[in-house]
Every structure is written in C-alpha cells, then in structure tokens.
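Reading the structure
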Amino acid sequence: MANIQLKGITKKFDNFTALKDLDIEIADGEFFVLLGQTGAGKTTTLRLVAGLEKPTSGQIFIDGEDVGEQGPAERDVALVLQQYSLYPRYTVRENLEFPLKSPIRKTAPADIAEAVDRVAKTLRIGHLLDRKVDRLSGGEMQRVSIGRAIVRQPRVFLMDEPLSALDAKLREALRTELKNLQVNLGATFLFVTHDQIEAMSMGDKIGVLNKGQLVQVGTPHEVYANPITTFVARAVGSPPMNLIGGQISGAEAVTDQGYRLPFATKNKGGSAGDRALIFGIRPEDIYLEGGAPVEARVHDVENHGVEKIVTLRMGDNLVHATVPAQTELAVDEDVRFSWHPEKVVLFDGENGRNLNAAS
C-alpha cells in the first residue's frame, strides 16, 4: 500500500478556484475521509490524486514519489464511484476479471480465477458470480464495483461517495463492511462524502473541506469534541453543536437574550473579557431539570428509539438536547434546562474561531 501527500495544491477552472493551497497527508493503511458539502472540492481532490486532473500548482506524492507527470494507470490507484461503473451486459465474474485481463498486466488465467474467488468470498458475492449485472440490486452492484477495485490490489483506494445512492439501511451495512475490508486489507483509503455520519463512523482521520480550503484535520473524536471553527461545529455532529451568542460575566455565561448559565472558569477561553462570544455545546451535554437556570418551551420532539432529540425554544434561539427515551415531553410544554459547563466550547463572536485552539 502507500501513503499520500498533497502539498500546496491549488486547482482553478477558468476564473473559479476549486482548491486553494491544500495540504493533506494520509498515512499508509489509513482510512482518511474528506468531508464537505457539494462544491467544497472533494471530487476535484479525488480526481487530482487519481491523475484525471492536473493541479494548477502544487505537488502530489504517492509513497514519496512525485506523480505529477504520471497518468492514472501509472499511479496504480483504484477509483470507486457512486454510479457503480460496471459493464451491464457482463456477468459479475466477467466484471471482476476485466481489470486483470489488461494486456499491461498479463495475468495468467489461473491467477485471475484465484483473485476473483478471493474477492467474491471477501465481499460475499460468490453466489452472484454468474449473474448479469443488470439483474443485481443497488447494494449488490456496489459490492461488485468495490470488488473490481480491490481485485487488482492497487496501492490506493479512492472512493467518491460510493454509498450515497443506497437506502439508509444498506448504507449502514456497507459502512461496516467497507471499514472491515480496509482493516483486513491494510489498505490506504481516501473516501469523500458529504455525510458526516459516514465520516465519523468510518474514518481514522477526517479532513473538513469548505470552499476549497481544508479547515481542520483530526480523529473523529478530536474534530467532534474540539471543532476549530463554528463551521466545523455545525458540519460534524447530528444534531449539530448548539451555537449561542453571549459574553462571560464572572462564573457565568450570559447569552444575548440575557439568560445566565454556569461557566467553567478553567476554560482556556475564559480570559475573553468583554468580547462577543459564541458558546458551543453539544446536544448530549444539555440536560433538563426542574430548578435549572434557563426556562424554555418544547418546540419539537423526535423519538429515535434509544433516545429523544428535543428542540427547545429559548427566546429567539432553537436549542437541541438529547434526552433518554423514557423522558416524557410534549410540544409547547415549559421546561428548564442547563448544560455541563466543562463541555462548553468558546468561539470568537466575530471570526468563529475556537478560542481554546487559538490559545
């Protein structure tokens, strides 16, 4: 397998800058997820690594080798797309054999059969080998598409939102399978998605991309618990982090609506003085309790089985809280809530940067 480095990558299409000064390092055998909304530059990054596009400036290294002048075949990478990219009139076996029958590879028939059987067993598609692709379900087609990628044992796997066309239950199952596959192969994966659940559940590392710029890189826990900006705070987490404007007064956080909540004075951002702040708090770190300092009204209740996601109206703000499933709540009910002060993340009210990360 291989490590990947992108150094100072900028990509322009006429007057549009898709990527700007992008620096990414992906370790050998790492599952790296690039997370961003439509237009953030995710697919462009993937195409650059694959050799389907050339950067306007910057360098791309695979295993320490500058691959800027190499084409896709020379880079020995496998690209898995959302659209499956299979030959519909071929059987599953013929689709899996196809990459190994290239004149460049000169793979012996016995080796091809062994490789196909190995991949079919790994992906549990052995019973489908003689079936035409146009008779497969979406999940089966995606397994075959992944199988076509891994059958030739490339240095790097590049995956462009391969699960987004599938239904929710199938996406969940294939997330687990893909992660297990990556671990078993010891392979280097660059996986791009707009789905933060995919990013959190699959990635060893997450890179958050916004308008062509890499905002933050870290483990899922690091990015979730300590987002570097309010953009990342909203991009990672479902429901997203609550962001509430206010200031610090002594040992209290005073919101813009005048509500007062406890504040942990040990918080590194506590020296913010009188500047405008944004208090970030995850829904699971808000709790409902009689006698708590803030009064709110229940705006909505979503029952997720093991828990409920409650939307509270606090003045002009809507705040999400995660509560146990057995909690009885009704829309328009008045409740009181507080937060765990040590879990509050402080952001600068003007530029949205995490004050702890900046200090």
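Described below are features of the structure shown in this document. (Residues numbered from 1 in each chain as written. Predicted model: local features only at pLDDT ≥ 70, side-chain atom pairs only at ≥ 80, totals over all residues. Heavy atoms only, no water.)

Notes on the overall build of the protein chain
Rule in force here: Working definition: helices are DSSP H or I runs of at least four residues, strands are E runs of at least two. Numbering for both runs from the N terminus. Only protein chains enter the accessibility calculation, which uses a 1.4 Å probe; a residue whose area is less than 20% of its type maximum is buried, one above 50% is exposed, and one in between is partly exposed. A contact between two residues is defined here by any heavy atoms of the two lying within 4.5 Å. To measure how exposed things are, a 1.4 Å probe is used in the Shrake-Rupley method; for residues, cover is taken only from the protein chains shown. Note on charges: Lys and Arg go in the positive column, Asp and Glu in the negative column, and His and the chain ends are not counted at all. To locate a charge, take atom NZ for lysine, CZ for arginine, CG for aspartate or CD for glutamate.
Within the protein chain, the regular secondary structure consists of ten helices and 20 strands. Its C-alpha atoms put the protein chain at 75 × 45 × 35 Å along the principal axes. Out of the 359 residues in the protein chain, the part that is buried amounts to 48%. Looking at the protein chain alone, contacts between residues at least 24 apart form 67% of all its contacts between residues at least 6 apart. Within the structure as shown, the protein chain displays about 17300 Å² of accessible surface, and the carbon and sulfur contribution to it stands at 46%. For the protein chain, the centre of its 41 positive side-chain charges and the centre of its 48 negative side-chain charges are spaced 5 Å apart.

Examining the sheet that holds strand β1 (residues 4-13)
Here is the rule: DSSP calls a pair of strands paired once it identifies at least 2 bridges connecting them. Here the axes come from fitting lines to C-alpha atoms, over the contacting stretch only for helices, and the angles between their N-to-C directions go from 0 to 180 degrees.
The strand order β2-β1-β4-β5 describes an open sheet built from four strands, whose pairing is antiparallel. Two strands lie at the open edges of the sheet, namely β2 (16-26) and β5 (65-66), each paired on one side alone. As defined by bridge partners, β1 adjoins β2 across seven bridges and the pair is classed as antiparallel. Across the sheet, the residue bridging to I9 is L22, located in β2. Its contacts with the sheet put helix α1 (residues 42-50) on β1, β2 and β4 (57-62), and the angle it makes with β1 is roughly 115°.

Describing the pairing of strand β18 (residues 317-324)
Every other side chain in a regular strand lies on the same face of the sheet, so the side chains alternate between the two faces. Strand direction decides the pairing type here: strand β17 (residues 307-314) and β18, joined by eight bridges, are antiparallel. Paired with T311 across the two strands is H320, which belongs to β18. The turn joining β17 and β18, which pair antiparallel and follow one another in sequence, is formed by two residues; a positive phi near 65° is taken by G315.

Points about the side chain of T188
Short version of the rule: In protein, a polar contact means a hydrogen-donor-capable atom and an acceptor-capable atom, both N or O and within 3.5 Å, with residues adjacent in sequence counting only if both atoms are side-chain atoms; elsewhere, any N or O pair within 3.5 Å suffices.
Mapped onto the elements of the fold, T188 is located in strand β8 (residues 188-193). By relative accessible area, which is 0% here, T188 ends up buried. For T188, the side chain forms a polar contact with the main-chain nitrogen of G29, separated by 2.9 Å.

Quick look at the nonpolar core
Under the convention used in this document: By nonpolar core is meant a set of buried Ala, Val, Leu, Ile, Met, Phe, Trp, Tyr and Cys residues that side-chain atoms within 4.5 Å join together.
In this structure, V92, L96, I125, I146 and L178 are the most contacted members of the largest nonpolar core, which totals 44 residues. No other element matches helix α4 (residues 109-123), which puts six residues into this core. Non-local contacts of I125, meaning those with residues more than four positions away in its chain, are made with V92, L96, A120, R143 and V144.

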